[in-house]
Amino acid sequence: QQQVKQSPQSLIVQKGGISIINCAYENTAFDYFPWYQQFPGKGPALLIAIRPDVSEKKEGRFTISFNKSAKQFSLHIMDSQPGDSATYFCAASKGGTSYGKLTFGQGTILTVHP
Amino acid sequence: NAGVTQTPKFRILKIGQSMTLQCAQDMNHNYMYWYRQDPGMGLKLIYYSVGAGITDKGEVPNGYNVSRSTTEDFPLRLELAAPSQTSVYFCASSDRDKNSGANVLTFGAGSRLTVL
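So, here's what we can say about the structure. Every residue gets a number counted from 1 within its own chain, in the order that chain's sequence is written. Just so you know, chain letters begin at A and ligand numbers begin at 1, following the order they were written in. This being a predicted model, a pLDDT of at least 70 is required before a residue's local features are given, and a value of 80 or more before pairs of side-chain atoms are given or counted; all residues contribute to the totals for chains, interfaces and linings. Water and hydrogen atoms were dropped before computing side-chain values, which therefore reflect all heavy atoms in the structure.

## Some words on the packing of aromatic side chains
Stacked, edge-to-face and tilted labels apply to pairs of Phe, Tyr and Trp rings (six-membered ring for Trp) whose centres lie within 6.5 Å, assigned for plane angles under 30 degrees, over 60, and everything in between, in that order. Across all of its chains, the model carries 16 aromatic pairs over all chains by this definition. Aromatic side chains Tyr36 of chain A and Phe107 of chain B sit 5.7 Å apart centroid to centroid with 85° between the ring planes, which places their arrangement in the edge-to-face category. One end of the pair, Tyr36 of chain A, is in strand 4 (residues 33-38); the other, Phe107 of chain B, is in strand 10 (residues 103-107), on a second chain. Each member of the pair Tyr36 of chain A and Phe107 of chain B is classed as buried. An aromatic cluster of at least three residues, connected via ring pairs, comprises Tyr36, Phe89 and Phe104 of chain A together with Tyr33, Tyr35, Phe90 and Phe107 of chain B. A ring is considered to have a charge above it if a Lys NZ or an Arg CZ atom is located within 6 Å of its centre and within 35 degrees of its normal. Over the ring of Phe74 of chain B we find Arg68 of chain B; its NZ or CZ atom is 6.0 Å from the centre of that ring. We count a stretch as a helix when DSSP gives it H or I for four or more residues in a row; a strand needs E for two or more, and each element gets its number in order from the N terminus. Exposure is judged per residue with a 1.4 Å probe applied to protein chains only, and the accessible area is read against the type maximum: over 50% gives exposed, under 20% gives buried, and values in between give partly exposed.

## Some thoughts on the state of the cysteines
Residue and element names in this part refer to chain A. Sulfur atoms of two cysteines make up a disulfide when they are within 2.5 Å. Under the definition given, this model contains 2 disulfides over all chains. For Cys23, the disulfide goes to Cys90, at an S-S distance of 1.9 Å. An S-S torsion of about -95° defines the bridge between Cys23 and Cys90 as left-handed. Here Cys23 is found in strand 3 (residues 19-25), whereas its partner Cys90 is found in strand 9 (residues 86-92), with 67 residues between them in sequence. Like Cys23, the residue Cys90 is buried in the burial classification.

## A look at the nonpolar core
Residues and elements named next belong to chain A. Phe33, Trp35, Phe73, Leu75 and Tyr88 are the most contacted members of the largest nonpolar core, which has 24 residues in total. Those elements that place two or more of their residues in this core are strand 2 (10-14), strand 3, strand 4, strand 5 (45-50), strand 7 (62-67), strand 8 (72-77), strand 9 and strand 11 (108-113). If one sorts the elements of this core by residue count, strand 9 sits on top with 4 residues. It only takes one pair of heavy atoms within 4.5 Å for two residues to be counted as in contact. Apart from the residues within four sequence positions on either side, Tyr88 is in contact with Gln6, Ile21, Tyr36, Gln37, Leu47, Leu75, Ile77, Gly107, Thr108 and Leu110. We call a set of buried Ala, Val, Leu, Ile, Met, Phe, Trp, Tyr and Cys residues a nonpolar core when their side-chain atoms join them within 4.5 Å.

Shown next, in the form of structure tokens:
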């Protein structure tokens, strides 16, 4: 059972555009929602994360929007750059000692054209 | 600071063979994890450990075993390799973030395993 559903599978954006990736979750016990960025041949790396007590978190060009009632969250990349081309994974976990036990979405391959 | 080191990077196994994927971290993290990544499927947790001597199953543990005799090392053992175990395996370690209280994972570069 896929508890975190991510869309789209792939996304092509022009340089300077906005990239938007969406995720939906089912388990209401989740209370930590990170986004990971993965470049080819590398392991995923934490990009930005949010807890459900806030509806938005911004770090530079990256913003997470969180809708607790809809059980959805999304990643917005403003002014997308070719260097942002990577695979992005949303994830979710429960609290306490379960924080590292992440349930990942399927991943989105982002390509930013110059 | 090496972070999380995985060996080997690539390996081809025949059906029924066994092998161990090595993982070492030098950050003194208590938590360590093994995930597998399959195309279009995201990453799935195989096993995890909250400290030396303590391990537990994740979402997809069948066909694998782990041990955690030291804080630094967390090897993953594949017994009787099967084609379904063809995947990219990622080891990760974590510590608690002071601001969020969450465990922020640091991943290794991965080990690509093919079972023929």
